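What follows is the residue order along each chain.
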Amino acid sequence: MPEMRFVIAWPDGREETCYSPSLVIKDFFEEGRTYPIREFLDLSRKALTIASDRVEAKYGYPCSLARGQLARIETAGALFLDDAEARVRCQSFIL
């Protein structure tokens, strides 16, 4: 299964390299585009859940790395939920 990483920039400017066990991330995010924080969190949930489900379909168990990555994204994103202007930028994909 092809895995990938994607680099994001949080509203405070901090960059983070995130992991996905599937290229499905590219179906949800676009390099260089910014997303309102709530939309980013929603898309991350959808994409990483699909990615984990693909691992489960192939290997019989969900991807703990994808679930862990989603948990980190949700924890970090929660810090910005009160800011209506907060946006996350998808910097790049690393294949």
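Here, the structure is the one placed above.
### Comments concerning the pairing of strand 1 (residues 4-9)
Most of strand 1 sits out of view: five of its six residues are buried. Alignment of strand 1 against strand 2 (residues 15-20), held across six bridges, turns out to be antiparallel. The residue of strand 2 that forms the bridge with V7 is T17. Two successive antiparallel strands, strand 1 and strand 2, enclose a turn made up of five residues, where G13 displays a positive phi of approximately 95 degrees.

### Some remarks on the side chain of S20
Inspection of the secondary structure puts S20 in strand 2. Polar contacts involving the side chain of S20 include one to the main-chain carbonyl oxygen of S22, which spans 2.7 Å.

### Notes on the packing of helix 2 (residues 37-59) against helix 3 (residues 64-78)
Closest axis-to-axis distance for the helix 2/helix 3 pair is 9 Å, and the angle between their directions is 170 degrees. The angle between helix 2 and helix 3 falls in the class roughly antiparallel. Contact with helix 2, carried on its side by I37, F40, L41, S44, R45, L48, T49 and S52, involves A66, R67, Q69, L70, I73, E74 and G77 of helix 3 and no other residues of that element.

### What about the packing of aromatic side chains?
In the structure shown here, the tally under the stated rule is six aromatic pairs. Their ring planes at 40 degrees and their centres at 5.2 Å tell us that F29 and F40 sit as a pair that is tilted. In this pair, F29 sits in the loop between helix 1 (25-28) and strand 3 (34-36) while F40 sits in helix 2, placing the two residues 11 residues apart along the sequence. Classification of F40 by relative accessible area gives buried; the value is 1%. Clustering of aromatic rings is evident, with ring pairs tying together F6, W10, F29, Y35, F40 and F80.

### As for the sheet that holds strand 4 (residues 87-94)
By way of backbone hydrogen bonds, the strands of a sheet pair with one another, either parallel or antiparallel. Strand order in the open sheet made by the four strands is 2-1-4-3, with antiparallel pairing throughout. The open sheet terminates on both sides in strands that have one partner only, identified here as strand 2 and strand 3. The mean inter-strand angle of the sheet, taken between neighbouring strand axes irrespective of direction, is 35 degrees. Two strands pair when backbone bridges link them, and strand 1 and strand 4 are joined in this way by five bridges, in the antiparallel orientation. Bridge assignment links V7 to a residue of strand 4, and that residue is S92. Against the sheet, helix 2 makes contact with strand 1, strand 2, strand 3 and strand 4, and its axis sits at roughly 105 degrees relative to strand 3, the strand it touches most. Sitting on the sheet, helix 3 touches strand 1 and strand 2, and the angle it makes with strand 2 is about 150 degrees.

### What about the environment of P11?
Examined against the element boundaries, P11 turns out to sit in the loop between strand 1 and strand 2. For P11, a relative accessible area of 31% corresponds to the partly exposed category. With residues up to four places along the chain from it excluded, the contact list for P11 reads F80, A86, R87 and V88.

Parameters and conventions
Residues numbered from 1 in each chain as written. Predicted model: local features only at pLDDT ≥ 70, side-chain atom pairs only at ≥ 80, totals over all residues. Heavy atoms only, no water. Buried < 20%, exposed > 50% of the residue type's maximum accessible area, 1.4 Å probe, protein only. Helix = DSSP H or I, 4+ residues; strand = E, 2+ residues; numbered from the N terminus. Pairing = 2+ DSSP bridges. Polar contact = N/O pair within 3.5 Å; in protein donor to acceptor, adjacent residues only side chain to side chain. Axes fitted to C-alpha atoms, helices over the stretch in contact; angles between N-to-C directions. Parallel < 35°, antiparallel > 145°, perpendicular 65-115°, else oblique. Contact = heavy atoms within 4.5 Å. Phe/Tyr/Trp six-rings, centres within 6.5 Å; stacked < 30°, edge-to-face > 60°.

Honestly, it's all geometry; don't read function into it.
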